[in-house]
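# Chains, contacts and geometry: an overview
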Amino acid sequence: MNTKPAEALLPQEVLDALSDSSRACIENLTNYLSSLERPDFSSNPHNKLAGVLVLLYEENGELRVLLTTRSKHLRTHAGQTALPGGKKDPSDADLMATAFREANEEVSLPLDCPFIHVLGLMQPFISLHKILVTPVVAFLSQPKLLSSLKAAEGEVSHIFTHPLKAILDPTLAKEGPLVSIGCEDWPYDSDVYNTSDSVVQMLGNTTYRMHRFRTSASPIKGLTADILIKLAEIAYARPTKYERYAPDQLRNIKDVVDAVTKHTLSLASQ
């Protein structure tokens, strides 16, 4: 695993092999992540911190991201699309270690692999279970490795990938195989993208916009969609083709955490 400084994250031969578009995306990501000031939530309990791996690779000149479908037998988020990852273990040195340990356990991604280059950590996102989830962004320079991945029985039911650019413009997903419209994995009338707004009490009764993307497997939605939207906007330096936020939606992680904390304290005082 490569954890060198941002200016030397990828070997020159890896950069030279990338398309102009992918190279620009990697540069945008490394520049952004290397200068990012992330809030310090290290004092939070281990069981309220999580790390997920956003593993990118290039195929046919375009970036794709590794995803999983969670087993339908799990207690939480059963059958939903997820990035490999999970809660921080007390033995994990940091959230990067958490993300890679979980990816190893869930899909057999090798630890300390020389073909995986860490680009940096994003700001955390907060889940409906009030867990702060930190995405670890990495690039896989040998996509052949993906063929050796194996879904952990009882945890992961499917491993698949999705084009990153299609997160900004969902119509691009139609260039590849997709599940059928109206099936269990896409029970919507819309072609490739679906959205809905709902008022969330936990967020101070502000509105949250749920984004859903049709894929070759389970739909990308919720927290996973939020992470990939932010990542794609940074990588391609352009906004989404759709309206990203609801009018009164909280956008800053500190504002979100403050709202959740206030709501939790209010419940405790009742």
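One can find the structure itself at the top, above this paragraph.
Let us look at the structure shown here. The structure displayed is predicted, hence computed values, not measured ones.

### Details of the packing of aromatic side chains
Throughout the structure, instances matching the rule amount to 4 aromatic pairs. Judged by centre distance (4.5 Å) and plane angle (25 degrees), the rings of Tyr 193 and Tyr 242 are stacked. Of this pair, Tyr 193 sits in strand 9 (residues 193-200) while Tyr 242 sits in the loop between helix 4 (222-236) and helix 5 (253-269), placing them 49 residues apart in sequence. For the pair shown, Tyr 193 and Tyr 242 are each scored as buried. By the ring-pair criterion, three or more aromatic residues cluster together here, those being Tyr 193, Phe 213 and Tyr 242.

### Description of the nonpolar core
Where a protein is soluble and globular, its nonpolar side chains tend to be buried together. In terms of nonpolar packing, the biggest core is built from 43 residues, with Val 54, Leu 56, Phe 139, Leu 228 and Leu 231 touching the most fellow members. Taken together, the elements giving at least two residues each to this core come down to helix 1 (12-17), helix 2 (20-35), strand 1 (49-59), strand 2 (62-70), strand 7 (132-140) and helix 4. Per-element tally for this core: the top contributor is helix 4, with 9 residues. With sequence-adjacent residues up to four places away left out, Val 54 is seen in contact with Val 65, Leu 83, Pro 135, Val 136, Val 137, Ala 138, Ile 227, Leu 228 and Leu 231. Core analysis: the second largest hydrophobic core is formed by 20 residues, Leu 53, Val 107, Ile 116 and Leu 146 among them.

### Comments concerning the sheet that holds strand 9
Spatial strand order, 9-10-11: 3 strands in an open sheet with antiparallel pairing. In this open sheet, the two edge strands, each paired with only one partner strand, are strand 9 and strand 11 (220-221). Across the sheet, helix 4 is in contact with strand 10 (206-213) and strand 11; its angle to strand 10 comes to roughly 85 degrees.

### Considerations on the pattern of salt bridges
One pass over the structure, following the stated rule, counts 11 salt bridges. Notably, a salt bridge pairs Glu 184 with Lys 72, separated by 2.8 Å at the nearest N-O pair. Of this pair, Glu 184 sits in the loop between strand 8 (156-163) and strand 9 while Lys 72 sits in the loop between strand 2 and strand 3 (81-82), and the two are 112 residues apart along the sequence. Per residue, the accessibility class of Glu 184 equals that of Lys 72, and both read exposed. Note that Asp 191 is salt-bridged to Arg 214, the shortest N-O span being 3.2 Å. Here Arg 214 lies in the loop between strand 10 and strand 11 and Asp 191 lies in the loop between strand 8 and strand 9, a separation of 23 residues in the sequence. A relative accessible area of 10% places Arg 214 in the buried class.

### Things to note about the environment of Pro 114
By the secondary structure assignment, Pro 114 is in the loop between helix 3 (95-107) and strand 5 (116-121). Classification of Pro 114 as exposed rests on a relative accessible area of 58%. Sequence-wise, Pro 114 and Ser 141 are 27 residues apart; in three dimensions their C-alpha atoms are separated by 8.9 Å.

What counts as what
- Residues numbered from 1 in each chain as written.
- Predicted model: local features only at pLDDT ≥ 70, side-chain atom pairs only at ≥ 80, totals over all residues.
- Heavy atoms only, no water.
- Phe/Tyr/Trp six-rings, centres within 6.5 Å; stacked < 30°, edge-to-face > 60°.
- Helix = DSSP H or I, 4+ residues; strand = E, 2+ residues; numbered from the N terminus.
- Buried < 20%, exposed > 50% of the residue type's maximum accessible area, 1.4 Å probe, protein only.
- Core = buried A, V, L, I, M, F, W, Y, C linked by side-chain atoms within 4.5 Å.
- Contact = heavy atoms within 4.5 Å.
- Pairing = 2+ DSSP bridges.
- Axes fitted to C-alpha atoms, helices over the stretch in contact; angles between N-to-C directions.
- Salt bridge = Lys/Arg side-chain N within 4 Å of Asp/Glu carboxyl O.

In short, the description is geometric, and any link to function would need to be established separately.
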